[in-house]
Amino acid sequence: MAGPPKTRRDNVAVDNSLCRRCQTNAPTITVRTEPLCSACFNKYVSTKIIKRMESFRVRHAEVGQERLLLLPLSLRACSIVLLHILSQHLRVQGEKSGRTGYRLHVLYVEDGKGEASEASKLYELIQHRYPEHTYSTRPLSDALALPGMQELLIQNQPAATIPLDLSTILTTLTSATSRTDLHHHLLRKLVLHSAQSHTCSAILWASSTTRLAERTLAETAKGRAFALPAQTRDGEAQLGTGTAFYYPMRDLLRKEVLSYTSLVSPDLEELILDERPRPAVSTRDTSIDELMRQYFSSVEREYPSIVANVVRTTGKLLVERVEEGWLEGRCELCDVGLRGRAPERSRLCFGCIRVLQTREAGG
Amino acid sequence: MPPHPCETCHTSRAQILRPSTGTRLCAPCFTLAFETETAATITSSQLFHPGERIAIGASGGKDSTVLASVLQTLNARYAWGLELVLLSIDEGIAGYRDHSLEAVKRNAEVLGLPLKILGYEELYGWSMDEVVAQVVRKGNCTYCGVFRRQALDRGAAALGVRHVVTGHNADDVAETVVMNLLRGDLARLGRGTSLVTGTGGLEGGFASVKRSKPLMWAYEKEIVMYAHHMRLDYFSTECIYSPEAFRGSARTLIKNLERIRPESILDVVRSGIDMARLVPGAGGEGGSRSRRVEAMSRDVEDDTGGGCSGGNGEDAGGEMARVEETLRLNERADEEGTETEIRLPAKATNGQRHDRDVVHTGPAGKVLSPTVNGQNHDRHRHTSNNATVPHRTKQEKKPNCKAASDAAPPRQRLGQCERCGYLSSQAVCKACMLLEGLNKARPRTGIEVGGAGG
């Protein structure tokens with residue numbers, strides 16, 4: 001909007017044709033109603049993430065014993081951006097004080113969902129671009145080899161024999177919701193296990209505000225809202241592991257992250273795995289998570305602060321306390337407290353029982 | 001649907017596919033199942049005691065009609081000895097409430113239950129038509145909403161009844177949970193899923209009338225089916241308002257959810273109940289889930305009556321935008337940690353209800369205390385488009401800012417109105433305030449029929 005600067009009561013003229021923050025460059029993007037130039041926008045994105053890394057500042061780290069943090073890489077925009085900004089952060093830390101506050105270990109989980117060759121190409125590209133970190137990959141099916149998993153899943157597969165494989169299990173589940181849910185839990189368990197085997201003290205998930213809001217409502221719709229605070233709060237050590245979850249991207253909307261990938265230079269777009277086109281309208285075969293994704297991508301457009309508020313609200317809820325160390329009291333799939341939420345002597349909560357129901361079982 | 005035997009009695013042909021369980025039943029088995037499940041909700045939470053007097057909030061709509069019929073049936077079947085009475089509120093809007101009131105009257109006859117109709121006129125001295133004539137459509141919805149909230153309680157008290165039941169169903173509660181999540185309203189998240197609110201004691205006069213929703217676990221679809229198969233007479237009271245923006249959005253989401261997985265409606269309700277226990281200050285922190293019903297204290301604004309959207313008096317699309325605006329401004333100030341020059345007068349739009357809304361949607365610390373960390377922020381903004389540049393002072397970002405804003409939401413202090421004793425967080429409750437305004441502005445002329453009785 002060109003025009004003479006408007007004078008305000010406070011005698012500061014705002015030129016709406018320039019970036020709101022630096023008032024020097026032309027704006028390239030509007031962020032929550034503020035027009036910003038690329039430089040200020042990039043700073044906005046970085047700042048939001050770095051702010052969440054408070055506990056990993058150089059001064060909190062012992063020389064030579066910096067904490068190792070695990071970054072699960074999904075090859076989607078959010079995890080790429082996180083990797084990029086944290087690499088930058090580490091570089092700055094090194095320049096300023098000669099050492100860093102933490103180290104990153106990047107984990108790529110192959111979920112066998114197709115596009116494997118494209119994915120591995122991208123993965124190599126990323127390793128070239130950010131060689132300063134350590135890397136490892138694991139197939140998602142490794143999760144089935146974790147202690148107790150085979151026994152757990154075979155219960156509902158009367159015709160199958162151990163060892164079960166992932167595609168068999170997924171095809172016998174009754175709904176898209178179950179498939180997405182099981183996938184999510186297997187991934188979580190595998191990442192946690194990897195973190196422990198690499199002696200990482202924390203896991204940095206790349207979930208954006210939008211993603212966390214989707215999860216909040218999706219878990220609410222599955223009757224598992226009580227698990228949310230424990231699993232989405234920063235710094236919360238996960239059951240019996242001492243490994244904490246962090247969500248440094250929790251203050252950024254997904255659309256902001258997507259914009260960043262093209263506005264930063266050199267741009268990150270070539271590193272990102274192309275998404276399969278998503279259905280525009282929900283049908284009976286849509287999963288609950290997909291429904292929430294559609295819902296929030298429209299809310300995100302016009303009411304971004306409401307999206308952020310949903311996440312903030314859940315963040316204020318207390319974490320449910322199950323007797324510490326009492327592993328018997330937790331659901332084996334989703335880790336929530338069993339008391340009052342599971343049949344007698346069951347190792348799974350009602351929600352997970354339903355997830356694992358197969359077609360033959362009449363789900 | 002191809003012929004299929006009823007899954008319960010295995011004899012009759014199944015006519016119904018139950019949304020909640022997916023089972024195929026004949027009509028009699030369905031209605032029996034519905035009634036039995038409602039009975040289970042009532043007995044497992046010891047909702048009623050033998051011989052209790054219960055007022056059924058009857059709007060003439062499907063929910064309250066089914067509620068009345070079911071309670072009547074169960075009362076006889078299980079010999080609970082309850083004294084049931086129908087209580088209906090007439091806002092005094094010619095042509096609107098008439099049809100549903102007629103339905104209520106017919107129901108009362110069919111069920112053989114006493115009926116009490118209370119008008120705003122006799123409760124407050126003003127009918128809605130008179131209010132509108134007085135205020136000429138400026139905020140008339142506010143009056144209606146506030147009056148309705150108190151009306152059921154006042155009516156119950158007039159009848160000498162300490163317990164009111166309403167027809168809220170699972171869909172309603174699920175929508176409320178989603179709505180409160182979207183709004184960030186932790187306090188109401190805590191209260192909205194309660195089966196019972198209020199104590200039913202005498203301490204607050206008509207303020208502590210107990211309110212419960214026995215149909216809380218019933219699907220809206222099944223309520224419609226029940227009404228249909230029992231040939232109940234009701235009149236849909238969905239009036240011409242546009243649903244409150246948050247509730248409308250929540251309603252669409254719930255409907256879509258139901259299509260994917262019908263049982264998710266109940267799951268949302270269960271999640272809501274669980275989250276309620278995790279609300280700081282709710283007193284249920286982390287304990288094991290018990291079936292004991294907590295009689296939570298009520299907030300007068302919790303109770304949405306049937307019909308009107310709820311007394312904000314503003315257009316629906318505006319509500320989400322308004323909350324968005326408030327949140328955004330709060331966020332921005334938070335980020336910068338500076339003194340912003342946006343100082344708008346604390347414009348009270350709709351009085352206390354709105355203020356409390358703002359309290360809940362924004363980070364608690366900032367809205368409540370005028371000074372946060374030595375900076376004076378006035379957060380009650382209602383005008384927009386003030387694109388002022390916040391002064392970047394040399395102040396350091398106060399590290400406490402985040403801590404304060406992440407604190408638990410403030411506990412509402414619920415006391416009693418000075419004039420009428422109604423539950424209120426202000427010295428004078430909203431209804432009395434509005435009435436005072438109305439009464440001052442134009443003295444009532446006309447002959448008052450002496451000794452206004454009930």
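Below or above, wherever it landed, is the structure these notes cover.

Parameters and conventions
Residues numbered from 1 in each chain as written. Chains lettered and ligands numbered in written order. Predicted model: local features only at pLDDT ≥ 70, side-chain atom pairs only at ≥ 80, totals over all residues. Heavy atoms only, no water. Phe/Tyr/Trp six-rings, centres within 6.5 Å; stacked < 30°, edge-to-face > 60°. Helix = DSSP H or I, 4+ residues; strand = E, 2+ residues; numbered from the N terminus. Contact = heavy atoms within 4.5 Å. Buried < 20%, exposed > 50% of the residue type's maximum accessible area, 1.4 Å probe, protein only. Right-handed = clockwise from strand over helix to strand, strands pointing away. Pairing = 2+ DSSP bridges. Axes fitted to C-alpha atoms, helices over the stretch in contact; angles between N-to-C directions. Left-handed = near helix turned anticlockwise from the far one by under 90°. Salt bridge = Lys/Arg side-chain N within 4 Å of Asp/Glu carboxyl O.

1. Re the packing of aromatic side chains
Summed over the entire model, instances satisfying the criterion amount to 12 aromatic pairs over all chains. Members of the aromatic cluster, connected to one another through ring pairs, are Phe56, Tyr102 and Tyr246 of chain A.

2. Re the side chain of Thr286 of chain A
By the element assignment, Thr286 of chain A lies in the loop between α9 (254-263) and α10 (288-302). If near-sequence neighbours (up to four positions away) are discounted, Thr286 of chain A is found in contact with Ala176, Thr177, Leu291 and Gln294 of chain A together with Ile260 of chain B.

3. Details of the pairing of strand β3 (residues 53-57) of chain B
Residue and element names in this part refer to chain B. Counting buried positions along β3 gives four out of five residues, so the element sits mostly inside the fold. Handedness of the β3-helix α2 (residues 62-78)-strand β4 (residues 83-90) crossover: right-handed. Bridge analysis of β3 against strand β6 (residues 163-165) gives three bridges, and the strand direction is parallel. Paired with Ile54 across the two strands is His163, which belongs to β6.

4. Remarks on the packing of α2 of chain B against helix α9 (residues 220-229) of chain B
Residue and element names in this part refer to chain B. In the contact formed by α2 and α9, the axes pass within 10 Å of each other and the chain directions differ by 65 degrees. As α2 runs across α9, the sense of the crossing is left-handed. Of the residues in α9, those touching α2 at Lys62, Asp63, Val66, Ser69 and Val70 are Glu220, Ile223, Val224, Tyr226 and Ala227.

5. Quick look at the pattern of salt bridges
Scanning the model with the defined rule gives 36 salt bridges over all chains in all. When the shortest N-O distance is used, the salt bridge between Asp142 of chain A and Arg138 of chain A registers 3.2 Å. With a relative accessible area of 27%, Asp142 of chain A lands in the partly exposed category. Across the pair Arg77 of chain B and Glu35 of chain B runs a salt bridge whose closest N-O atoms are separated by 2.8 Å. Taken together, the positions of Arg77 of chain B in helix α2 and Glu35 of chain B in helix α1 (residues 27-44) put the pair 42 residues apart, joining distant regions of the chain. A single salt-bridge network, built from bridges that share partners, covers Lys62, Asp63, Asp171, Glu220, Lys221, Lys255 and Glu258 of chain B.

6. Regarding the sheet that holds β6 of chain B
Either a parallel or an antiparallel arrangement is found when strands of a sheet pair, and the pairing is made through backbone hydrogen bonds. Residues and elements named next belong to chain B. Taken in spatial order, the six strands of this open sheet run β5-β4-β3-β6-β8-β7, and their pairing is mixed. Two strands lie at the open edges of the sheet, namely β5 (115-119) and β7 (196-197), each paired on one side alone. As defined by bridge partners, β4 adjoins β5 across five bridges and the pair is classed as parallel. Residue pairing across strands places Leu87 opposite Lys116, the latter belonging to β5. α2 rests against β3, β4 and β6 of the sheet, and its axis sits at about 155 degrees to β3.

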